[in-house]
Amino acid sequence: MRKRAAGLGLALAGVWLTAGLVGFSREMGHWLAWAAAFALLGWLNIRFFSLPDRRARRVFGGLGFLFACAQAAGLRLDAAGETGAAGLVMCLGAGVCLAPAAGYAFWLGQKALCGLSQSPEGRMSARRVYGLCLACLLLCWLPVYLAYWPGVSSYDIYTQMDEILSGQLTNRNPLLHTLVMGGLYLLGQRFSRPDVGYTLFVLLQMAVMAACYAAVMRYLWQKRAPRALFWTALALFAVFPVHSVLAVSDTKDALFTALLCLLVIRLHRVYEQRELLRSGRFWAGFLTLTTLMCLMRNNAFTGLVLLLPVGLWALGRDNRRRVAALALSALALYAGAGNGLKALFGASGGLVTEWVSVQSQQMGRVYALYSEQDPDNAYEIAYYLPTVENYTPYTADPLKTFANVRQPDRLWGFIKLWGRIGLSYPLTYLDAWLLNTKGYWQLSDVSHAHIYSQGVEDRRGYLLLQSADGLGLSLNSRLESLEKLYTALLAGNEYQRFPVLSLLFAPATWLWLCAGALATALWRRDRRTCLMIALVAGSFLPLLFGACALIRYAYPFVSCMPLFALSVWQAGAKPPATAQSEAGE
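Described in the following lines is the structure provided in the data block. These numbers were taken from a predicted model, which means no experiment stands behind them.

**Digging into the layout of surface pockets**
Here the idea is plain: a probe the size of a water molecule rolls over the atoms and shows the empty space left. Estimated volume of the largest pocket: approximately 1500 Å³. If you go around the largest pocket, you meet 46 residues; those closest to its centre are Phe 67, Ala 105, Phe 106, Leu 443 and Leu 513. Breaking the lining of the largest pocket down by element, the ones donating at least two residues are helix H1 (2–22), helix H2 (28–49), helix H3 (54–80), helix H4 (84–114), helix H9 (227–239), helix H21 (507–524) and helix H23 (555–573). Among the elements that make up the lining of the largest pocket, the one with the highest residue count is H4 (nine residues). The space that makes up the second largest pocket amounts to roughly 1300 Å³. Lining of the second largest pocket is provided by 44 residues; of these, Arg 172, Asn 173, Lys 252, Glu 354 and Lys 400 occupy positions nearest its centre. Those elements that place two or more of their residues in the lining of the second largest pocket are helix H7 (175–190), helix H14 (320–345), helix H15 (357–370) and helix H17 (397–400). If one sorts the elements of the lining of the second largest pocket by residue count, H14 sits on top with six residues.

Structure, rendered in C-alpha cells:
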C-alpha cells in the first residue's frame with residue numbers, strides 16, 4: 001500500500017511540476033494527455049518500488065533522476081528561454097518525482113535486451129559473414145555515393161584545402177586527415193580533374209568504414225549475438241542515412257569512428273582473454289589503431305586518458321602493470337607521431353580559439369541580455385569578442401572563431417574577464433552551456449538540426465550536404481531522385497515529420513542508450529562494458545565544451561552501440577554468481 005501511495009503521489013507531483021514548466025493549459029485535450037501521463041507514470045513508479053534488488057533501485061533511480069532532470073530542463077528552456085532559480089528548483093523537483101518511472105523504463109530496456117536468446121551455432125564461417133556484410137554495406141552505400149558524386153564536401157574542406165594549396169599546414173583539423181584528403185585532391189588536380197582525386201578519397205573512406213563495420217558484424221556473429229541484435233545492427237549500418245552520408249563526406253568523424261569500433265572490439269577481447277596483454281601481436285595492433293584513431297581526431301587522446309584508470313580497475317590487479325604500460329605507450333606513440341608529422345611537414349599547432357567555445361557563449365549571452373544594463377562589462381566583452389553581436393544560443397562558431405585571444409596576454413585577460421563576469425551572472429552562464437549542449441541530452445531537441453540554418457536550397461540542416469564548387473567539386477548526381485529524397489530528409493529536416501522514427505536521428509537518443517548500458521553495467525558489476533564505454537565516452541567529453549551539438553560528434557555512440565549491447569547482453573545472460581565472481585577478479 002505504501003508503494004502505491006508513494007508511486008501515485010510522485011506521479012501526481014511530477015505531472016504538476018512538468019505542466020508548470022511548460023505552462024498550464026485548460027484545453028480538454030491537454031487535460032486528457034496529462035491524465036494519461038499520470039496513469040502511466042504512476043504505474044511505472046509502483047513497478048519501480050516493487051523491484052526486489054536494492055542496488056537496481058539505486059542505480060536506475062539515479063539514472064532516472066538525471067534523465068528526468070535533463071528533459072525537464074529542456075522543456076523549461078523551450079518554454080521560457082532560460083531556467084531561472086525557480087525553474088531550476090522545479091526541474092530538480094520533477095527529476096525527483098519522475099526518477100522512479102524513468103529508471104524503471106531503463107530497467108525494462110535492459111531486461112528486454114538480456115532476455116533475447118543466443119543465436120544457434122552458425123553454419124557459415126566468420127570469414128564468409130565478414131565478406132557478405134562488407135559487400136552488403138558497400139552495395140547499400142553505393143547509391144548514396146552516386147547520388148552525391150563526387151562526394152559531399154561541406155564541412156572543413158575549404159580550410160583544409162587552403163592549407164594544402166598554400167603549404168601553410170596546421171593541426172587545427174587533424175593533420176593526417178588533411179594530408180590524405182589533400183594528397184588525393186592534388187593528384188586529381190594534377191590531371192585537371194580534382195573531382196576524381198576527391199572521389200578517390202571518398203571511395204577509400206567508404207572501403208575503410210565498410211571494412212570496420214563488417215568486422216563489428218563478424219564479431220557479433222562469432223559471439224553468437226541474438227538474431228535481433230545482429231540484424232538490427234546490420235540494418236542500421238546499411239540503411240541508416242547517417243552512416244551512408246558520413247561515409248561519402250569529407251568530415252574527419254567518419255574514419256575516426258570506424259577505427260574506434262575496432263578498438264572497442266579489442267577491449268572486449270582483452271577482457272575475455274587477459275593473456276592477450278602478453279601478446280606482442282595484440283600490442284602492435286592496439287598501438288597502431290590508437291595512434292591512427294587519435295591522429296584522426298584531436299580530442300581522441302582524452303579517451304585513452306580515461307581508459308587508463310578504468311582499465312586498471314577492470315582488468316584486475318595482476319594485469320595493472322601491463323595495462324598501464326599499454327595505455328601510456330599508446331599516449332606516447334600518439335604524441336610522437338603527431339609531433340613527428342608536424343615537424344615533417346612544417347605544420348603549426350591548433351588554434352587557441354578552439355578551446356574557448358563555452359566561455360565565448362557564456363559571455364556572449366551576458367552581452368545579449370544585459371549589455372544595456374551593464375555597459376562596462378559589455379564594452380570589455382566586445383573587445384575580446386568582436387563579433388559578439390552575432391551571438392546565437394546553439395553554436396559558438398560566430399564568436400569563438402574571431403575571439404581576440406591569440407596572444408598570451410589577451411588570452412589571460414579573456415579568462416580573467418570570463419571569471420569575473422561569471423560571479424555576477426552564474427545562472428546565465430549555466431543557461432548558455434545548457435543551450436549549447438541540449439542536443440546531447442534532450443530527446444525532443446531539434447536545435448542540433450538548425451545549427452547552420454535549414455533548407456533544401458542551401459543544403460544545410462541536420463547534415464550538411466553542400467558541394468565545394470570553388471574547389472571544382474560541384475555536385476554531379478547520377479541518381480537525382482535519391483539525391484532529392486536525402487536532401488529533403490537531412491537538409492530540409494523532413495525526417496522530423498515521423499515522430500518515433502525521428503528519435504533515431506537525435507544525438508540524445510544514443511547518449512542516453514549508452515548511459516543505460518553503463519547503468520546496467522554498474523548494477524551488474526560488469527567491468528567489461530564499463531571498459532568499452534570508457535574509451536568512447538572519454539573521447540566525447542571534450543565535445544561537451546565544444547562549439548555546438550551535432551550528430552557527427554555523437555556518431556561514435558551510434559556506431560559502437562551494437563558492441564555495447566552485445567556486452568550488456570552477455571553479462572545479463574550469465575548466472576548472478578558467475579557475474580559476481582568475475583567482477584571480483
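Next, the rest of the story.
**Quick look at the packing of helix H22 (residues 527–540) against H23**
Two elements in contact, H22 and H23, have axes separated by 9 Å at closest approach and are oriented at 165 degrees. In terms of orientation, H22 and H23 fall into the roughly antiparallel class. Crossing of H22 against H23: the hand is left-handed. Between H22 and H23, the residues in contact are Arg 528, Thr 529, Met 532, Ile 533, Val 536, Ala 537 and Phe 540 and Pro 556, Phe 557, Cys 560, Leu 563, Phe 564, Ser 567, Val 568, Gln 570 and Ala 571, respectively. In terms of residue class, the contact of H22 with H23 is built from twelve nonpolar, three polar and one charged.

**A short note on the nonpolar core**
Residues Met 293, Tyr 440, Tyr 462 and Phe 564 are the most contacted members of the largest nonpolar core, which totals 166 residues. Those residues in contact with Tyr 462, other than ones at most four positions away along the chain, are Val 242, His 448, Ala 449, Leu 490, Asn 493, Tyr 495, Phe 505 and Ile 551. In terms of nonpolar packing, the next biggest core, distinct from the first, is built from 16 residues, Tyr 367, Ala 378, Val 388 and Ala 403 among them.

Rules of the game
Residues numbered from 1 in each chain as written. Predicted model: local features only at pLDDT ≥ 70, side-chain atom pairs only at ≥ 80, totals over all residues. Heavy atoms only, no water. 1 Å grid on protein atoms, 1.4 Å probe; cavity = no way out; pocket = protein on both sides within 12 Å on 5 of 7 lines; lining within 4 Å. Points joined across faces, edges and corners; volume = space filled by probe spheres on them. Helix = DSSP H or I, 4+ residues; strand = E, 2+ residues; numbered from the N terminus. Axes fitted to C-alpha atoms, helices over the stretch in contact; angles between N-to-C directions. Parallel < 35°, antiparallel > 145°, perpendicular 65-115°, else oblique. Left-handed = near helix turned anticlockwise from the far one by under 90°. Contact = heavy atoms within 4.5 Å. Nonpolar A, V, L, I, M, F, W, Y, C, P; charged D, E, K, R; others polar. Core = buried A, V, L, I, M, F, W, Y, C linked by side-chain atoms within 4.5 Å. Buried < 20%, exposed > 50% of the residue type's maximum accessible area, 1.4 Å probe, protein only.

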